[in-house]
Amino acid sequence: MYLPTYCSSSSILRACRIRTASTLSASAPSFSSVVASRTSAKRDSVPFSSLSSVSFRSRSFSSSLRSSALRWSHGVDWRSPVSLRAQIRTASPVLERLERKIATMASENPFKGIFTALPKPGGGEFGKFYSLPALNDPRIDKLPYSIRILLESAIRNCDNFQVTKEDVQKIIDWENSAPKQVEIPFKPARVLLQDFTGVPAVVDLASMRDAMKNLGSDPDKINPLVPVDLVIDHSVQVDFARSENAVQANMDIEFKRNKERFAFLKWGSTAFRNMLVVPPGSGIVHQVNLEYLGRVVFNTDGILYPDSVVGTDSHTTMIDGLGVAGWGVGGIEAEATMLGQPMSMVLPGVVGFRLSGKLNDGVTATDLVLTVTQMLRKHGVVGKFVEFYGEGMSQLSLADRATIANMSPEYGATMGFFPVDHVTLQYLQLTGRSDETIAMIEAYLRANNMFVDYNELQQERVYSSYLDLDLANVEPCISGPKRPHDRVPLKDMKVDWHSCLDNKVGFKGFAVPKEEQEKVVKFTYHGQPAELKHGSVVIAAITSCTNTSNPSVMLGAGLVAKKACELGLEVKPWVKTSLAPGSGVVTKYLLQSGLQSYLNQQGFHIVGYGCTTCIGNSGDLDESVASAITDNDIVAAAVLSGNRNFEGRVHPLTRANYLASPPLVVAYALAGTVDIDFEKEPIGTGKDGKSVYFKDVWPTSAEIAEAVQSSVLPDMFKSTYEAITKGNPIWNQLSVPSSSLYSWDPNSTYIHKPPYFCGMTMDPPGARGVKDAYCLLLFGDSITTDHISPAGSIHKDSPAAKYLMERGVDRKDFNSYGSRRGNDEVMARGTFANIRIVNKLLNGEVGPKTIHIPTGEKLYVYDAAMRYKSAGQDTIVIAGAEYGSGSSRDWAAKGPMLQGVKAVIAKSFERIHRSNLVGMGIIPLCFKPGEDADTLGLTGHECYTIDLPAKVSDIRPGQDITVTTDNGKAFTCTVRFDTEVELTYFEQGGILHQDERDSTMDASENFIPFPLWDQENSPKLFVQLHACLRSRFRPTSYMVELDIQIPTTYDPFAEAKDSGAPGAKEYVHIRIQQRNGKKSLTTVQGLRKEFSYEKILKDLKKDFCCNGNVVQDKELGKVIQLQGDQRKNVSQFLVSAGLVKKDQIKIHGF
């Protein structure tokens, strides 16, 4: 039985669903006796109010009630040789359970007693809020601040339906419950998107609207139910650099390449409610979030609550530096959150990270974050929150905190959280938030014990584990050459580099023979002599959200450039230098300080406002440089102020990629190589012929502080963000249709209607195992989403390139995979297409190919996958540890699903990627500890059968199952469905299908199906249902409409002895409306299906002794309207029971 309903959550009514058990007890008391006993009670009593609450929530069901979908909604087998009347009576226990669940729906918040006003100092109030101190529970005082945000959300949204009192108690008892890995629901306040991940999200929403229409429902019901902010920042590419007009030139090309995508997003901003799109050229999403979008505290309709956000970029965590709880999720999860679904999560442990002391002179926030990253990776924080505290906090600016929070994905934590304190308030003032807003934020957080005042005695908080760092111990460093957590102290860089040249190919090795390590390649660059060797820097980019939001390191880079210019140093012209600020504010303070001109002299002209090099949008290298690298097998280097340096990400030709602070990026560009000891070797020769050393160009902390103090002004933030949504002339000229349904262009290679909902029905597919599957790919450890998901440039010989060329797209117009994320045909072909991917089936060969096991042919991965798929053969992927690490990318799950992958077996998974696999219906499995493909002797040439239970109700989160091979091997794996919610996604075929079915049922909003044909009990049953709903919703004006519609050809009183009969689907359509302000509580419509209305009417006239007609209802189609005594009897019954007044009831039927 399915019961979609509405329950109150904040100010938004959200659709939810309860699934009840299909088991019917024949021995239970009849419903008529229950009705008789209850209708004899006092008229003004609240029916069923004494019954205990039942813990149900949307998508999170008790395992005992998680059953496969019923054949019929009633839960009755209509082909059983039992009289229909007996079956109806058998169903009574189900109906009674239904009543109890209705009694819990939309109930008043059980914590309404702590809902109180927050007074303003001068009189009046800021609003009302749920007060944590009012609970008077000493456990709350010990909770980490990050957990208090989860607690407040649970209390505010508690309705004993989606969020229960039990959930609240789990969070309050966090110290004991977190180690048990308990599940809780969480409702983020908003969703953050960037355009790479935002385009597929909007594509999915648009296709869901089409599916809604095809299923006979209202497409406009697909809309975000929480605020959604989408910042277009991932499309700008460094095609032009080292020129004054680079910004405009790159933007012109950006719009030319992405006009269709941008127009689609602009359409989405008008077609969908609650969606803000920030146009291209405005800045990097996370800096815009930090400086402008972050609320810290929401005030919605007078209700105050902490800001919280989930984003489709893993570095959404940057907002944690502002005291806003935020983290990255897959695009799939974000879409569900947008549609109002509570997010299911395991209550995390929290690592307390104590900071003390202060940074030494010349040490940057980048040095600090690389040190913190290494410490936390070693400690192990995957799936945990990290909360920073201690006296060292006062030494960190908010920009420094945001830098540390930004790299949470690199150290593996869900969040790196900095609670709000005076530093936060100062930053809010600097960035132009109003004084009244800041006063409200401080007052609310203080009143709710969420503000840290280091001038007061601190209550000791409890953490799951502890780490300490004296800031004085941080030293200058960089990270690389292939992973962000491989930190190298600057003083050890030269030695480390030579070790990398010597080491075998791996994360810290290139296997360059000794005799080749010192070779020098000479070539001509635009008519002048040039040379490269191993370690030569060919890309130096000040880029990325991690650092470009931090004035101290950005102005520090300008000071290095200034000192270098004054000493006569100059970056070699063949080094591709670029500067991509995180927002227009950066440009303003670089100009204000006078330092931008020095950066320009060194080639660091502003190239655009977006992520650029950090996400692989480096643009092409000069042909002469590219040829010198490829023809001589040079291990060229890139140095960037980013957060990701996985091989193949930054540029296909830079095999060594180092993360460094912006000032260090300039220093390495000047040196021209990473093969240097800055303490001993000069970085160049000055205009006076003397050697210039690193210390000669490196600014002091005092110099940087002075530049920040004089150049970073509040008006810069105000003026920048006052104009941010106005766009630019090119954006404003984009013409988009006003229709609510998108007009798909079948010839488009950018936007394509995805196939997820093709052939979808309302019946979920249920559990499905994997039988005789071939291994598509066999991987080792640390396969990242950069390896899996299409990213970067499209290789000229790839399946995606072939697809584009077949459709008339020239190679110069391929654009990047990221820009084509709205086209599933391109993305499916680009999945596992990374040129650096290592597939063990190829026996050491590197590249995007695999072995088609049945034939032994070597094919591109996509081509092999399609051959398996066309033959009806399942495939799986086998991997090592940390599978799916890196940026959160929904296509890292969507792509394998479209390629036909049914399961992934790995030693361990990255958190978001595992969740995304589940969201796309792919089964994630983990080898048992100490086991992997090698220890089990798996070659990948076997066929694999994954023995899942036939019913989802028989699968438990974390259950062990057996995998067998066709050569007689068997091993045990853990199924990584981590929550009941994820099992529901799997049962539905994926999260998008779950959302679509939920939304379709929401179109009928309060659809309550139950057996109709019981002359004695049906009217009383109606009365009881109305009584439940009315007592719980307490409408000020209440109207009931009863409509009978019987959508099948069926003799209701005949016994269905014919096993071939289609079975009956009789429904009573109950429409219950509350007119209270502008809110309509429920509107109920029913299923429609043609049948012999005349025959049913004949039976009704005979058995109910009433007259009637078959009429055409505008909403329901054909219905039977009954007149006469029966209708009057029901009306009199409802009125006499005191359920409604006579003028409040209108009855069609009976």
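Residues numbered from 1 in each chain as written. Predicted model: local features only at pLDDT ≥ 70, side-chain atom pairs only at ≥ 80, totals over all residues. Heavy atoms only, no water.

1. Describing the overall build of the chain
Selection criterion: The secondary structure listing takes helices from DSSP runs of H or I that are at least 4 residues long and strands from runs of E that are at least 2 residues long, numbered from the N terminus. Shrake-Rupley sampling with a 1.4 Å probe provides the accessible areas, and residues are treated as covered by the protein chains on show and by no other component.
Secondary structure assignment for the chain yields 38 helices and 42 strands. Accessible area for the chain stands at about 41,300 Å²; split by element, carbon and sulfur atoms hold 48% of it.

2. Notes on the pairing of strand S9 (residues 297-300)
Which entries qualify depends on this criterion: Pairing between two strands is assigned when DSSP locates at least 2 bridges connecting them.
As defined by bridge partners, S9 adjoins strand S10 (residues 303-306) across 4 bridges and the pair is classed as antiparallel. Directly across from Asn299, in S10, lies its bridge partner Leu304.

3. Description of helix H25 (residues 701-711)
We apply this condition: Relative accessibility decides the category of a residue: with a 1.4 Å probe and only protein chains considered, values under 20% of the type maximum give buried, values over 50% give exposed, and everything between is partly exposed. Relevant arc is that of directions from the helix axis to the C-beta atoms, nothing else. Note on definitions: a residue-residue contact is assigned when non-hydrogen atoms from the two residues lie within 4.5 Å.
Listed as buried for H25 are Ile704, Ala707 and Ser711. Seen from one end, H25 has its buried residues packed into an arc of 60°, which puts them on one side. H25 presents Ala702, Glu706 and Gln709 as exposed residues on the side facing more than 90 degrees away from its buried surface. Residues of H25 that are buried in the fold lie against helix H19 (551-567), helix H20 (584-593) and helix H26 (714-722).

4. Focus: the side chain of Thr577
To keep it simple, the criterion reads: Polar contacts, as used here, are pairs of N or O atoms within 3.5 Å; protein pairs need one atom able to donate a hydrogen and one able to accept it. Residues neighboring in sequence count only if both atoms are side-chain atoms.
Residue placement: Thr577 occurs in strand S23 (residues 576-579). In this structure Thr577 comes out as buried when scored by relative accessible area, which is 0%. A polar side-chain atom of Thr577 sits 3.3 Å from a polar atom in the side chain of Arg242. Here Thr577 is in contact with Ala241, Arg242, Ala540, Val571, Gln602, Gly603, Phe604 and Ala669, once residues within four sequence places are set aside.

5. Focus: the pattern of salt bridges
Operational definition: Each salt bridge in this description consists of a side-chain nitrogen of Lys or Arg and a carboxyl oxygen of Asp or Glu lying within 4 Å of one another.
A full pass over the atoms with the stated rule returns 48 salt bridges. The salt bridge involving Arg295 is made with Asp229; its shortest N-O contact spans 3.4 Å. Residue Arg295 is located in the loop between helix H10 (285-293) and S9, and its partner Asp229 is located in strand S7 (residues 228-231); the two are separated by 66 residues in the primary sequence. Assessed through its relative accessible area of 28%, Arg295 is described here as partly exposed. When the shortest N-O distance is used, the salt bridge between Lys519 and Glu516 registers 3.3 Å. When its relative accessible area of 32% is taken as the criterion, Glu516 is described as partly exposed.

6. Structural notes on the packing of aromatic side chains
To be explicit about the condition: In summary, the pairing rule links any two rings of Phe, Tyr or Trp, Trp by its six-membered ring, whose centres are within 6.5 Å, and it sorts them by plane angle into stacked for under 30 degrees, edge-to-face for over 60 and tilted for everything else.
Enumeration over the complete set of coordinates arrives at 30 aromatic pairs. Measuring from centroid to centroid gives 4.8 Å for Phe977 and Phe986, while their planes differ by 35°, and the two rings are tilted. With relative accessibility at 0%, the residue Phe977 sits in the buried group. Look at Phe986 and you get buried, because its relative accessible area is 1%. Linked through ring pairs, Phe264, Trp267, Phe272, Tyr742 and Trp744 together constitute an aromatic cluster.

7. Observations regarding the sheet that holds strand S32 (residues 901-906)
This is how it is decided: Every axis corresponds to a line fitted to the C-alpha atoms, with the helix fit spanning only the stretch in contact, and the corresponding angles, defined between N-to-C directions, vary from 0 to 180 degrees.
If you walk around this closed barrel you meet the 7 strands as S28-S31-S32-S33-S36-S35-S34, and the pairing is mixed. Taken over all neighbouring pairs, the strand axes of this sheet differ in orientation by 40° on average, direction set aside. Contacts from helix H31 (residues 861-870) reach strand S28 (770-778) and strand S31 (875-878) within the one sheet, and its direction differs from that of S28 by about 170°.

8. Some words on the environment of Met318
Checked against the element boundaries, Met318 lands in the loop between strand S11 (308-311) and strand S12 (325-328). Look past the residues within four positions of Met318 in its chain and what remains in contact with it is His286, Leu290, Ala402, Ala405, Asn406, Cys545 and Ser549.

9. Focus: the packing of H20 against H26
Rule in force here: Reported orientations rely on four angle classes, namely roughly parallel under 35 degrees, roughly antiparallel over 145, roughly perpendicular from 65 to 115, and oblique for the rest. Less than a right angle of anticlockwise turn of the near helix away from the far helix marks a crossing as left-handed, whereas a clockwise turn marks it as right-handed.
Direction vectors running N to C along H20 and H26 enclose 140°, while the axes themselves pass 9 Å from each other. Our classification of the angle between H20 and H26 gives oblique. The way H20 lies across H26 gives a crossing that is right-handed. On H26, the residues that touch Gly584, Val585, Lys588, Tyr589 and Gln592 of H20 are Met716, Phe717, Ser719, Thr720 and Tyr721.

10. Some thoughts on the environment of Thr587
Its place among the elements puts Thr587 in helix H20. Exposure remark for Thr587: the relative accessible area of 13% places this residue in the buried category. Distance in space between the C-alpha atoms of Thr587 and Tyr609 is 9.8 Å, their sequence separation being 22 residues. At a separation of 2.6 Å, a polar atom in the side chain of Thr587 contacts the side chain of Tyr609.

11. What to know about the confidence of the model for the chain
Interpreting fine coordinate detail is not advised for predicted regions of low pLDDT. Short version of the rule: A score from 0 to 100, pLDDT tells how confident the predictor is in each residue.
Looking at the chain as a whole, the pLDDT averages 79, with 76% of positions reaching at least 70. Ignoring residues within four places in sequence, the model shows residues 1-106, a span with pLDDT below 50, making 250 contacts including any to other chains. Here residues 1002-1093 is modelled with pLDDT under 50, and outside its nearest four sequence neighbours on either side it reaches 267 contacts, counting other chains as well.

12. A few points about the side chain of Ser885
Tracing the backbone shows Ser885 in the loop between S31 and helix H32 (891-899). Here Ser885 is in contact with Ile783, Thr784, Thr785 and Glu910, once residues within four sequence places are set aside.

13. Side note on helix H8 (residues 195-214)
Put simply, the rule is: In a helix, the anticipated span is given by 1.5 Å times the number of residues less one.
Over its 20 residues, H8 runs 28 Å from end to end, which matches the ideal 28 Å to within 8%, given 1.5 Å per residue. The buried fraction of H8 amounts to 18 of the 20 residues, a majority that puts the element mostly inside the structure. At the N-terminal boundary of H8, the capping side chain belongs to Gln194, with an oxygen 2.7 Å from the backbone nitrogen of Phe196. One or two residues past the end of H8 sits Gly216, with phi positive at roughly 80°.

14. A short note on the nonpolar core
In summary, soluble globular proteins display a tendency toward joint burial of nonpolar side chains. In plain terms, the rule: Buried residues of nine kinds, namely Ala, Val, Leu, Ile, Met, Phe, Trp, Tyr and Cys, make up a nonpolar core once their side-chain atoms join them within 4.5 Å.
Ranked by size, the top nonpolar core spans 289 residues in total, and within it Leu150, Trp327, Phe388, Tyr411, Tyr668, Phe678 and Tyr883 carry the most contacts. Broken down by element, this core gets its largest block of residues, 10 residues, from H8. Counting residues in each nonpolar core, the second largest holds 10 residues, with Ile794, Leu804, Val809 and Ala833 among its members.

15. Digging into the pairing of strand S6 (residues 190-194)
Test applied: Handedness of a crossover: with both strands directed away from the viewer, a clockwise path from the first strand across the helix to the second marks it as right-handed.
Within S6, 5 of the 5 residues are buried, which leaves the element mostly enclosed by the surrounding structure. The alternating pattern of S6 places Arg190, Leu192 and Gln194 and Val191 and Leu193 on opposite faces, both of which are buried. Taken together, the 4 bridges between S6 and S7 define a ladder with parallel strand orientation. Looking across to S7, one finds that Leu193 is bridged to Leu230. For the crossover from S6 across H8 to S7, the handedness is right-handed.

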